[in-house]
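# Structural description and commentary
Residues per chain are reported as follows:
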Amino acid sequence: MPKRIMQGTVVSDKGNQTVVVNVDRIFTHPLFKKTVRKSNKFHAHDAENAYKTGDLVRIQECAPKSKLKRWEVIGHGSKG
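In this report, we go over the structure that sits alongside the text.

Basis of the calculations
- Residues numbered from 1 in each chain as written.
- Predicted model: local features only at pLDDT ≥ 70, side-chain atom pairs only at ≥ 80, totals over all residues.
- Heavy atoms only, no water.
- Core = buried A, V, L, I, M, F, W, Y, C linked by side-chain atoms within 4.5 Å.
- Buried < 20%, exposed > 50% of the residue type's maximum accessible area, 1.4 Å probe, protein only.
- Helix = DSSP H or I, 4+ residues; strand = E, 2+ residues; numbered from the N terminus.
- Contact = heavy atoms within 4.5 Å.
- Phe/Tyr/Trp six-rings, centres within 6.5 Å; stacked < 30°, edge-to-face > 60°.

### Examining the nonpolar core
Counting residues in each nonpolar core, the largest one holds 12 residues, listed as Met6, Val10, Val19, Val21, Val23, Phe42, Ala44, Tyr51, Val57, Ile59, Trp71 and Val73. Going through the elements one at a time, β1 (5-12), β2 (18-28), β3 (35-45), β4 (56-61) and β5 (71-76) are the ones with two or more residues in this core. Of the residues forming this core, the biggest block, three residues, is contributed by β2. With sequence-adjacent residues up to four places away left out, Val73 is seen in contact with Val19, Ala44, His45, Asp46, Tyr51, Val57, Arg58 and Ile59.

### Brief notes about unusual backbone geometry
For Gln17, which is not glycine, the phi torsion reads 60 degrees and is therefore positive. Along the chain, Gln17 falls in the loop between β1 and β2. When its relative accessible area of 30% is taken as the criterion, Gln17 is described as partly exposed. Its identity as a non-glycine residue notwithstanding, Lys33 has a phi of 55 degrees, on the positive side. Locating Lys33 in the fold gives a position in the loop between β2 and β3. Of the residues examined, Lys33 reaches a relative accessible area of 62% and is grouped as exposed.

### Some thoughts on the packing of aromatic side chains
What the rule picks out here adds up to one aromatic pair. A centroid spacing of 5.0 Å and a plane angle of 55 degrees characterise the contact between Phe42 and Trp71, whose relative ring orientation is tilted. One end of the pair, Phe42, is in strand β3; the other, Trp71, is in strand β5, and 29 residues separate them in sequence. The pair formed by Phe42 and Trp71 is uniform in burial state, with each residue classed as buried.

Rendered as structure tokens:
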């Protein structure tokens, strides 16, 4: 099964080798046909502590690394 890849903004880099990434989704509500914005926060593994708050990053699913970390950072995101 392919691993999911998402793009989001780092909102916290306080943990050692961990960043919290906020991922926004925009979709049309199936009944009301209105554009809806939802956001989720994911804890992601950042082995080199390279990413700081405000960075745009791409994260990928991985095997569990701790209680909350199920994602790992695979690089910088692209705007647009």
